Amino acid sequence: MASVNKVILIGNLGKDPEIKYTQGGMAVAHFSLATNERVKDKDGNWGDRTEWHNIVLFERKAEIAGEYLKKGRTVYIEGSIRTNSWDDKETGQKKYKTEIIGSQMVLLGGPREGGGEGGGGGYSGRGAGKSGGFDQRTPESEPPQGANSSGPEITDEDIPF
């Protein structure tokens, strides 16, 4: 029987991504992502529960993260869970770290700092063309409705309020 290891997160960065390069020159980005959930406690009071996720991106996605992601930015991450273990050199105890290995990333909302252009974009790494599948251009506006429009013209009487 097949199994599935898939995670979908939408959250805000807890810090700017840390970009490092392997000896082979591959970019690797690490950052934390916070997701929030509204929960009711035993007394019936509502509060937020924040969960922190360790995100790892590779290659072009890591480079894009380093260029466009900043602390507080909202981002969509899709990937898989991976838990690594090692023995602590000082204590000899077994240590564990669970990370989300991102396979897709979509920038949501506008940039939080600076005046960069565009409000979002994405990169999946799947069959992307020369541009890397990452498009930060603002979408072209819809043509105005009028005589050349395929639909009927809307008047003030058509609006229900």
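Criteria and cut-off values
Here the residue numbering is sequential within each chain, running from 1 through the sequence in written order. Where local features are concerned, this predicted model is filtered to residues with pLDDT of at least 70; where side-chain atom pairs are given and counted, the filter is 80 or more; whole-chain, interface and lining totals use all residues. Side-chain measures here rest on the full set of heavy atoms in the structure, leaving out hydrogens and waters. Per the convention used, a helix needs a DSSP run of H or I reaching at least four residues, while a strand needs a run of E reaching at least two, with both numbered from the N terminus. Buried means the residue's accessible area, taken with a 1.4 Å probe over protein chains only, is under 20% of the maximum for its type, while exposed means over 50%, and partly exposed covers the values in between. When charges are counted, neither His nor the chain ends are considered; positive counts come from Lys and Arg and negative counts from Asp and Glu. Salt bridges are counted wherever a side-chain nitrogen of Lys or Arg sits within 4 Å of a carboxyl oxygen of Asp or Glu. Think of a polar contact as two N or O atoms within 3.5 Å of one another; within protein, one of them needs to be a possible hydrogen donor and the other a possible acceptor, and neighboring residues in sequence only count if both atoms come from side chains. Contacts are assigned to residue pairs that have any heavy atoms within 4.5 Å of one another.

Chemist: Please provide a residue-by-residue account of the side chain of E99, values included.
Modeler: Along the chain, the position of E99 falls in strand β6 (residues 94-108). Although E99 is buried, it forms no salt bridge, and the closest oppositely charged side chain is K97 at an N-O distance of 4.0 Å. Within the structure, E99 has its side chain in polar contact with the side chain of N84 (distance 3.5 Å). Every residue in contact with E99, bar those within four places of it in the chain, is listed here: H30, N54, V56, S80, I81, R82 and N84.

Chemist: So what's going on with the pattern of salt bridges? Residues and values would help.
Modeler: In this structure the tally under the stated criterion is seven salt bridges. When the shortest N-O distance is used, the salt bridge between K20 and E18 registers 3.2 Å. Residue E18 is classed as partly exposed on the basis of its relative accessible area, which comes to 37%. Residue E63 pairs with R60 through a salt bridge whose shortest N-O separation is 3.2 Å. Separated by three residues within a single helix, E63 and R60 lie in helix α1 (residues 59-68), roughly one turn from each other.

Chemist: Any chance you could break down the environment of A62 for me, citing the residues and the numbers?
Modeler: Residue placement: A62 occurs in helix α1. Residue classification places A62 among the buried residues on the basis of a relative accessible area of 0%. Residues A62 and A27, spaced 35 residues apart in sequence, show a C-alpha to C-alpha distance of 5.8 Å. The residues contacting A62, other than those within four sequence positions of it, are I19, A27, V28, A29 and L57.

Structural measurements only, silent on function.
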